[in-house]
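Here's the letter readout for the chains.
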Amino acid sequence: NSTNGAKGAFIVASNASWGIDDGKATDAPLWCAIYDSLGAAGILNVTAADNRTTINVDSTGDLPSVCPSDYLLAVTSITSDGKRAAAQGAKNIDLAAPGDFVFTTKANNRYGTEAGTSFAAPIVTGAIGLLYSNQCTLLDEMALTNPAAAALMVKNAILKSVDTTSTLKSAVASGGYLNILKA
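We now turn to the structure provided with this report.

## Structural notes on the pattern of salt bridges
Enumeration over the complete set of coordinates arrives at five salt bridges. In this structure, R52 and D22 form a salt bridge, with 2.8 Å as the shortest nitrogen-oxygen distance. In this pair, R52 sits in the loop between β3 (44-48) and α2 (57-60) while D22 sits in the loop between β2 (20-21) and α1 (29-40), placing the two residues 30 residues apart along the sequence. With a shortest N-O distance of 3.2 Å, D81 and K83 are connected by a salt bridge. When its relative accessible area of 52% is taken as the criterion, D81 is described as exposed. When its relative accessible area of 47% is taken as the criterion, K83 is described as partly exposed.

Given below as structure tokens:
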């Protein structure tokens, strides 16, 4: 911001498609604090929740999904018909995104499908970038003058515009899955 774009990169989101199953925030205070530090600079952080469908991260843990930062969005995976395909956590997982039968590149110059929250989280990360790329004078000015508030405004837009489903109502904090068009 200080060089008005002449130097450096304007980063608005990070993606963490990795973590520690069953990890608790109290076990990683420095790790969790990073998300607040990045948020103060205007960076939203997206994390992939545990891939096990039987897990509730609110009780078993999952790092970094359970880190208590306002600048963190924890994402679980859904199937094409809107069913949860990975962990739940009505307190610590914010929303769901597509992450089942994702067509992608594979080894040896091949293509194929994969599944998991490591495919759902980058979709949310990309949605953050897309929102920042829209023409919006308010967001543009806020990103320069109060980047932390801009990040929270984008997070709120994403969470308030989810498509809710009965299968996600008690499984994720927002009760739904990403709808970038509504955001």
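## Structural notes on the layout of surface pockets
As a volume, the largest pocket reaches approximately 260 Å³. Lining the largest pocket are 18 residues; nearest its centre among them are N1, A9, F10, I11 and A41. Looking at the lining of the largest pocket, the elements that each hand over two or more residues are α4 (137-145) and α5 (147-160). Here the residues of the lining of the largest pocket are counted per class, giving eleven nonpolar, six polar and one charged.

## Thoughts on the packing of aromatic side chains
With the rule as written, the count across this model stands at two aromatic pairs. When the centroid spacing of 5.9 Å and the interplanar angle of 15 degrees are considered together, the rings of F103 and Y111 count as stacked. Taken as a pair, F103 and Y111 share a single burial class, namely exposed.

## Concerning the nonpolar core
V75, L95, V124, I128, Y132 and V154 are the most contacted members of the largest nonpolar core, which totals 27 residues. When contributions to this core are tallied by element, the ones reaching two or more residues are β3, β5 (72-78), β6 (95-98), α3 (117-133), α4 and α5. Considering every element that reaches this core, the biggest residue donor is α3, with seven residues. Among the nonpolar cores identified, the runner-up in size contains 19 residues, and W31, C32, V57 and A96 belong to it.

## Quick word on the environment of T145
Mapped onto the fold, T145 is located in helix α4. Residue classification places T145 among the exposed residues on the basis of a relative accessible area of 67%. Separated by 144 residues in the primary sequence, T145 and N1 have C-alpha atoms spaced 8.7 Å apart.

Criteria and cut-off values
Residues numbered from 1 in each chain as written. Predicted model: local features only at pLDDT ≥ 70, side-chain atom pairs only at ≥ 80, totals over all residues. Heavy atoms only, no water. Salt bridge = Lys/Arg side-chain N within 4 Å of Asp/Glu carboxyl O. Helix = DSSP H or I, 4+ residues; strand = E, 2+ residues; numbered from the N terminus. Buried < 20%, exposed > 50% of the residue type's maximum accessible area, 1.4 Å probe, protein only. 1 Å grid on protein atoms, 1.4 Å probe; cavity = no way out; pocket = protein on both sides within 12 Å on 5 of 7 lines; lining within 4 Å. Points joined across faces, edges and corners; volume = space filled by probe spheres on them. Nonpolar A, V, L, I, M, F, W, Y, C, P; charged D, E, K, R; others polar. Phe/Tyr/Trp six-rings, centres within 6.5 Å; stacked < 30°, edge-to-face > 60°. Core = buried A, V, L, I, M, F, W, Y, C linked by side-chain atoms within 4.5 Å.

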